[in-house]
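Each chain, written out:
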Amino acid sequence: MANTLLVKNTDGRQINIDVIDIIEDTVDGQQYVCYTIADMDKVFVSHLILKDNNYILETVTDEKRKQIEEVLSQNMVNADE
């Protein structure tokens, strides 16, 4: 993937992620990122925060993850049309 982002994880370590999509929740005004990490097949969803010129990933609730996955799925369907 060409869209990579250098972020800090919850342990404060910097990692490169391959961004699938960044989704903004218009209700809470927060941004969420859907991404993969090298050599892993799993798609992750995290709260994306810009703080002091660094991107930080925070965990999301299972409910929020499901909401974001639904939006991501709908975005993929719309992109195929």
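### Quick word on the environment of Val-60
Stage number 1. Within the fold, Val-60 resides in the loop between strand S5 (54-58) and helix H1 (62-80).
Stage number 2. Here Val-60 is in contact with Tyr-32, Val-45, Ser-46, His-47 and Arg-65, once residues within four sequence places are set aside.

### Here's the deal with the nonpolar core
Stage number 1. Leu-5, Val-7, Ile-15, Ile-17, Val-19, Val-33, Tyr-35, Phe-44, Leu-48 and Leu-57 form the largest nonpolar core, which has ten residues in total.
Stage number 2. Elements with a contribution of two residues or more to this core: strand S1 (4-8), strand S2 (14-24), strand S3 (31-36) and strand S4 (44-51).
Stage number 3. Counting residues per element, this core draws most heavily on S2, which supplies three residues.
Stage number 4. Excluding anything up to four places from it in sequence, Ile-15 contacts Leu-5, Leu-6, Val-7, Asn-9 and Ile-37.
Stage number 5. By size, the runner-up hydrophobic cluster in this structure holds six residues, among which are Tyr-32, Val-45, Ile-68 and Leu-72.

### Brief notes about the layout of surface pockets
A water-sized probe rolled over the atoms picks out the places where empty space is left.
Stage number 1. In this structure, the largest pocket occupies an estimated 250 Å³ of space.
Stage number 2. Breaking the lining of the largest pocket down by element, the ones donating at least two residues are S4, S5 and H1.
Stage number 3. Residue contributions to the lining of the largest pocket peak at three residues, all from S4.
Stage number 4. Class assignment of the residues belonging to the lining of the largest pocket gives a composition of seven nonpolar, four polar and four charged.

### Thoughts on the pattern of salt bridges
When the charged atoms of two side chains lie near each other, side chains of opposite charge can form a pair.
Stage number 1. Overall, the coordinates contain three salt bridges when judged by the stated rule.
Stage number 2. Its salt-bridge partner being Lys-64, residue Asp-28 comes within 3.4 Å of it at the nearest N-O pair. Of this pair, Asp-28 sits in the loop between S2 and S3 while Lys-64 sits in helix H1; the two residues are 36 residues apart in sequence, bridging distant segments of the chain.
Stage number 3. Look at Lys-64 and you get buried, because its relative accessible area is 13%.
Stage number 4. Residue Glu-69 pairs with Arg-65 through a salt bridge whose shortest N-O separation is 2.9 Å. Separated by four residues within a single helix, Glu-69 and Arg-65 lie in helix H1, roughly one turn from each other.
Stage number 5. A residue is classified by how much of its surface remains accessible, and Arg-65, at 21% relative accessible area, is partly exposed.
Stage number 6. Linked through salt bridges whose partners overlap, the residues forming this network are Asp-25, Asp-28 and Lys-64.

How each quantity is defined
- Residues numbered from 1 in each chain as written.
- Predicted model: local features only at pLDDT ≥ 70, side-chain atom pairs only at ≥ 80, totals over all residues.
- Heavy atoms only, no water.
- Helix = DSSP H or I, 4+ residues; strand = E, 2+ residues; numbered from the N terminus.
- Contact = heavy atoms within 4.5 Å.
- Core = buried A, V, L, I, M, F, W, Y, C linked by side-chain atoms within 4.5 Å.
- Buried < 20%, exposed > 50% of the residue type's maximum accessible area, 1.4 Å probe, protein only.
- 1 Å grid on protein atoms, 1.4 Å probe; cavity = no way out; pocket = protein on both sides within 12 Å on 5 of 7 lines; lining within 4 Å.
- Points joined across faces, edges and corners; volume = space filled by probe spheres on them.
- Nonpolar A, V, L, I, M, F, W, Y, C, P; charged D, E, K, R; others polar.
- Salt bridge = Lys/Arg side-chain N within 4 Å of Asp/Glu carboxyl O.

On their own, these measurements won't tell you what the molecule is for.
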